Protein chains: 2
Amino acid sequence: MRVPANRPALRVQSGGGVGEEELEFNEEGGVTDDSLSPEDASTPSSRRLHELIIQLGRYRSLRDPLHGICESKQLTPTQIHALMWLGNDGPTHVGVLAQRVGITKKTITGVVDRLEDMKLVERTRDAEDRRAVVAQLTTEGVKLFNLISRSVDEGLRRMLDLLPPDDQEALFGLLERVLKRLGESSEPQSL
Amino acid sequence: MRVPANRPALRVQSGGGVGEEELEFNEEGGVTDDSLSPEDASTPSSRRLHELIIQLGRYRSLRDPLHGICESKQLTPTQIHALMWLGNDGPTHVGVLAQRVGITKKTITGVVDRLEDMKLVERTRDAEDRRAVVAQLTTEGVKLFNLISRSVDEGLRRMLDLLPPDDQEALFGLLERVLKRLGESSEPQSL
DNA sequence: TATTGTTATACTCTATAACTATA
DNA sequence: TATAGTTATAGAGTATAACAATA
């Protein structure tokens, strides 16, 4: 009853320029809108995985291990997300950073604004393309990145502790094979 | 430069009532604040998993398979999240729903408001505890839930297609063992 | 008094549209 | 003209604080 508007703000450029920033290697768009070809929709395996994921989701500490970090650092998930990519990738065009985080170029501006206000990120112009803006962590930002990185490691360690060594190895092998498959069939966007 | 405030809005009741809605079986609070006991922090395994996850994160289609659904259905991630839990659990106290989605009671009110405006959710009073409000899907909400559920299945199927059958079985076994462990060491909150 | 939700307020996230500067 | 970002605007998510109704 607070806001009379019935339509959420989430809206995507579907009519205008296709080549904006939403282009991915997986372009099915509506995914499964109403056009469910009954052959390749869901399978017993996918439904089994779905059910397992729902069960796991009931354990909140598994679901969002970053939540505690957000609280203790007084940062929003999006801000943490942006910091982590900057720490992992080094200086990055803000447009690319937007892709990484999964938001639009218009939105990344405000996010970087606030990170800059907090002295965690710096903006500089790209000398080679004067239009482009490069974002990079400040010294303080790097320190925070390292701290968060260790927090994530610790969270992952606690998850791994739930698995016997054999299963841990199986998991690693499995993920590595997925990555190999992905690398063969497509490219990570704009790496 | 937009807003002069340097502090983000994310803030959690750390001083007030402990038993609000943030209580989990993993109560380390600050997680790794500054008190990193060097023994049980990160391990080679956790760092390896961390690295693998970062690599996977570069593939955006893997990272947020729900993104396409949000777009096509014109709903926000939080709204989808709430709908999915209502579909999976049936009529639910809005406070419990807040726990599931991972937001506070104050916030869930607005989310349910908007879902109610969209005629996807209904509110009723719990007859046994007149204080409590029960949220449940409308007929239209159930239809949407089924549609989204199938979309998720399809996304999962595409991920599973990246793995040979052996690895799929390994993954299932692995997840089931994690669930078993979790069930032994703790309870899913308020199930 | 304690608990369940809601209301009021403020800030962040997010997208669309219009704009500036550079290629 | 096309591309990289920013500004302006509006709606949704989120938390804190204060409040109402019920136990």
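Residues numbered from 1 in each chain as written. Chains lettered and ligands numbered in written order. Predicted model: local features only at pLDDT ≥ 70, side-chain atom pairs only at ≥ 80, totals over all residues. Heavy atoms only, no water.

**Regarding the overall build of chain A**
At step 1: Helices and strands together make up the secondary structure of chain A, namely eight helices and three strands.
At step 2: Reading the secondary structure of chain A in the N-to-C direction produces α-α-α-α-β-α-α-β-β-α-α.
At step 3: In chain A, buried positions account for 46% of the 191 residues.
At step 4: A separation of at least 24 residues holds for 49% of the contacts in chain A among residues at least 6 apart in sequence.
At step 5: Surface summary for chain A: the accessible area is close to 10000 Å², and the carbon and sulfur share equals 54%. (Helix = DSSP H or I, 4+ residues; strand = E, 2+ residues; numbered from the N terminus. Buried < 20%, exposed > 50% of the residue type's maximum accessible area, 1.4 Å probe, protein only. Contact = heavy atoms within 4.5 Å. Areas by Shrake-Rupley, 256 points an atom, 1.4 Å probe, with all protein chains shown as cover.)

**Re helix α4 (residues 77-89) of chain A**
Residues and elements named next belong to chain A.
At step 1: For α4, which comprises 13 residues, the first-to-last C-alpha distance of 18 Å matches the rise-based estimate of 18 Å (1.5 Å per residue) to within 8%.
At step 2: Among all positions of α4, only Q79, I80, A82, L83, M84, W85 and L86 are buried.
At step 3: Downstream of α4 by one or two residues, G90 has phi in the positive range, about 75°. (Expected span 1.5 Å × (residues − 1).)

**Quick look at the sheet that holds strand β3 (residues 133-137) of chain B**
Residue and element names in this part refer to chain B.
At step 1: With respect to topology, three strands assemble into an open sheet ordered β1-β3-β2, the strand pairing being antiparallel. The outermost strands of the open sheet, each flanked by one partner alone, are β1 (92-93) and β2 (121-125).
At step 2: Here β2 pairs with β3 via five bridges, running antiparallel. Pairing of T124 across the sheet is with V134, part of β3.
At step 3: Sitting on the sheet, helix α4 (residues 77-89) is in contact with β1, β2 and β3, with an inclination near 90° to β3. (Pairing = 2+ DSSP bridges. Axes fitted to C-alpha atoms, helices over the stretch in contact; angles between N-to-C directions.)

**What about the packing of α4 of chain B against helix α6 (residues 105-117) of chain B?**
All names here are of chain B.
At step 1: At a minimum axis separation of 10 Å, α4 and α6 run at an interaxial angle of 80°. What the angle tells us is that α4 and α6 run roughly perpendicular. Contact residues: α4 offers T78, Q79, A82 and L83, while α6 offers V111, R114 and L115. (Parallel < 35°, antiparallel > 145°, perpendicular 65-115°, else oblique.)

**Observations regarding the pattern of salt bridges**
For side chains bearing opposite charge, pairing can occur when the charged atoms are close.
At step 1: Following the criterion strictly, the structure yields 22 salt bridges over all chains and no others.
At step 2: Its salt-bridge partner being D89 of chain A, residue R58 of chain B comes within 2.9 Å of it at the nearest N-O pair. Within this pair, whereas R58 of chain B is found in the loop between α1 (44-57) and α2 (60-63), its partner D89 of chain A is found in helix α4, the two belonging to separate chains.
At step 3: For E116 of chain B, the salt bridge goes to R123 of chain B, with nearest N and O atoms at 3.1 Å. (Salt bridge = Lys/Arg side-chain N within 4 Å of Asp/Glu carboxyl O.)

**A short note on the nonpolar core**
At step 1: Counting 89 residues, the largest nonpolar core has L83 and V121 of chain A together with L83 and V121 of chain B as the members making the most contacts within it.
At step 2: Excluding its chain neighbours within four sequence positions, the residues that come into contact with V121 of chain A are L83, L86, V112, L115, E116, A135, Q136, L137 and T138 of chain A. (Core = buried A, V, L, I, M, F, W, Y, C linked by side-chain atoms within 4.5 Å.)

**Digging into the packing of aromatic side chains**
At step 1: This structure, assessed with the given rule, holds zero aromatic pairs over all chains.
At step 2: In this arrangement the basic side chain of R100 of chain A is found over the ring face of W85 of chain A, its NZ or CZ atom lying 5.2 Å from the centre. (Phe/Tyr/Trp six-rings, centres within 6.5 Å; stacked < 30°, edge-to-face > 60°. Lys NZ or Arg CZ within 6 Å of the ring centre and 35° of its normal.)

**Concerning the environment of L49 of chain A**
At step 1: Looking at the secondary structure, you find L49 of chain A in helix α1 (residues 44-57).
At step 2: Those residues in contact with L49 of chain A, other than ones at most four positions away along the chain, are L156, L160, L171, F172 and L175 of chain B.

**Re α1 of chain B**
At step 1: Look at α1 of chain B: 20 Å from first C-alpha to last across 14 residues, which is about the 20 Å you get at 1.5 Å a residue.
At step 2: Inspection of α1 of chain B places S46, L49, H50, L52, I54, L56 and G57 of chain B among the buried residues, and these make up the whole buried set.
At step 3: Where α1 of chain B is buried, its residues contact α4, α7 (139-160) and α8 (165-185) of chain A together with α2 of chain B.

**Remarks on the sheet that holds strand β2 (residues 121-125) of chain A**
At step 1: One open sheet accounts for three strands, arranged β1-β3-β2 (chain A); its pairing is antiparallel. Of all the strands in the sheet, just β1 (92-93) and β2 of chain A have a single pairing partner and so form its edges.

**Structural notes on the pairing of β3 of chain B**
Residue and element names in this part refer to chain B.
At step 1: With four of five residues buried, β3 lies mostly within the body of the structure.
At step 2: Where β1 and β3 come together, two bridges link them in antiparallel fashion. Each residue of the ladder has a partner; that of H93, found in β3, is V134.

**Some points on the confidence of the model for chain A**
At step 1: Residues of chain A with pLDDT of at least 70 account for 76%, and the chain-wide mean is 79.
At step 2: Here residues 1-36 of chain A scores under 50 on pLDDT; set against residues more than four positions off or in separate chains, the count is 63 contacts. (pLDDT = per-residue confidence, 0-100.)

**Remarks on the environment of T107 of chain A**
Residue and element names in this part refer to chain A.
At step 1: Locating T107 in the fold gives a position in helix α6 (residues 105-117).
At step 2: Owing to a relative accessible area of 39%, T107 belongs among the partly exposed residues under this scheme.
At step 3: Put simply, T107 and G95 are twelve residues apart on the chain and 10.0 Å apart in space, counted from C-alpha to C-alpha.

**Considering the environment of D89 of chain A**
At step 1: For D89 of chain A, a relative accessible area of 28% puts it in the partly exposed group.
At step 2: In this structure the C-alpha to C-alpha distance between D89 of chain A and Q136 of chain A, which are 47 residues apart in sequence, comes to 9.4 Å.
At step 3: Contact partners of D89 of chain A, with chain neighbours within four places excluded, come to R100 of chain A together with R58 of chain B.
At step 4: There is a polar contact of 2.9 Å between the side chain of D89 of chain A and the side chain of R58 of chain B. (Polar contact = N/O pair within 3.5 Å; in protein donor to acceptor, adjacent residues only side chain to side chain.)

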